[in-house]
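# Geometric and topological summary
The chain contents come next:
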Amino acid sequence: MKNREINNLILQFLHDNSGVARKKELFENLKKHVSLVTIYRGVNRLLRKGEIISFQVGKDHYLALFKKDSNKILLFAFLICEKCRNVYRLELDKKDIENIAQAIEDLYKFKSDLIIFEFHGICKQCSAYTKTAVS
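Residues numbered from 1 in each chain as written. Predicted model: local features only at pLDDT ≥ 70, side-chain atom pairs only at ≥ 80, totals over all residues. Heavy atoms only, no water.

## Digging into the overall build of the protein chain
So the rule is basically this: Segments assigned H or I by DSSP are reported as helices when at least four residues long, segments assigned E as strands when at least two residues long, and all are numbered from the N terminus. Throughout, radius of gyration means the C-alpha value; the globule benchmark is 2.2 Å times the number of residues raised to the power 0.38. Burial classes follow relative accessibility: with a 1.4 Å probe on protein chains only, a residue under 20% of its type's maximum area counts as buried, one over 50% as exposed, and anything between as partly exposed. Whether two residues touch is decided by their heavy atoms; if any such pair falls within 4.5 Å, the residues are in contact.
A count of helical and extended segments in the protein chain gives five helices and six strands. When the helices and strands of the protein chain are listed from N to C terminus, the series reads α-β-α-α-β-β-β-β-α-β-α. For the protein chain, whose C-alpha radius of gyration is 18 Å, the value lies well above the compact-globule estimate of 14 Å for 135 residues. With the C-alpha coordinates of the protein chain rotated into their principal frame, the extents come out at 60 × 45 × 20 Å. Counting all 135 residues of the protein chain, 31% fall into the buried class. Contacts spanning at least 24 positions in sequence make up 56% of the contacts within the protein chain whose residues lie at least 6 apart.

## Here's the deal with the packing of aromatic side chains
The relation between two aromatic rings is expressed through the spacing of the ring centres and the mutual angle of the planes. Condition: Pairing of aromatic rings covers Phe, Tyr and the six-membered ring of Trp, with a centre-to-centre limit of 6.5 Å; geometry is then stacked below 30 degrees between planes, edge-to-face above 60, and tilted otherwise.
Tallied over the full model, the rule gives six aromatic pairs. Seen in terms of ring centroids, Tyr-62 and Phe-78 are 4.9 Å apart; in terms of plane orientation they differ by 45 degrees. Their pairing is tilted. In this pair, Tyr-62 sits in strand β3 (residues 60-65) while Phe-78 sits in strand β4 (residues 74-81), placing the two residues 16 residues apart along the sequence. What makes Tyr-62 buried here is its relative accessible area of 6%.

## As for the environment of Gly-121
With respect to the helices, strands and loops of the structure, Gly-121 is situated in strand β6 (residues 114-121). With a relative accessible area of 26%, Gly-121 lands in the partly exposed category. Contacts of Gly-121, omitting those with residues within four sequence positions, involve Ile-80, Cys-81 and Glu-82.

## Details of the sheet that holds strand β2 (residues 52-57)
Convention followed: Two strands pair under a simple rule: DSSP has to find at least two bridges between them. Angular values range over 0 to 180 degrees, each being the angle between N-to-C directions of two axes fitted as lines to C-alpha atoms, with helices fitted over their stretch in contact.
Reading across from one edge, β1-β3-β2 is the order of the three strands in this open sheet, with antiparallel pairing throughout. Each edge of the open sheet carries a strand with a single partner, namely β1 (20-22) and β2. Each neighbouring strand pair of the sheet contributes to a mean axis angle of 25 degrees, computed without reference to strand direction. On top of the sheet, helix α2 (residues 23-30) reaches β1, β2 and β3; it is set at about 85 degrees to β1, its chief contact.

## Comments concerning the sheet that holds β4
Spatially, the three strands line up as an open sheet ordered β5-β4-β6, and their pairing is mixed. Whereas interior strands pair on both sides, the edge strands pair on one side only; in this sheet they are β5 (87-90) and β6. Ignoring which end each strand starts from, the neighbouring axes of this sheet average 25 degrees apart. Across four bridges, β4 lies against β5 in antiparallel orientation. Residue pairing in the sheet places Leu-79 in a bridge with Tyr-88 of β5.

What follows is the structure, given as structure tokens:
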């Protein structure tokens, strides 16, 4: 498989997953088509080109579509359960966050292109389990 083809497979997978996916899920899905070494090389190539970014939330590694020359802010929010360690992606109103980012830019002359929120606590399932175990 040519470099361009593997790059397109990676980009298409991320596009089909709202622009972001766990690295593990990407590798599991694409290894049906190509070797892991080819996927790693493709990911590294796209990271160097600035077409995707990599970040970590909890113990999970993520990849996301990213355009450096875009004026868009990339926003991700996650809920992380301290008991079961599950990570849940949260959708936030981008307008409110863009207002915060603009205020930061105005005050500190710091332009954000990536914002990641992590909320740590106890998820609904673990909270229900704790209540019944204590009762």
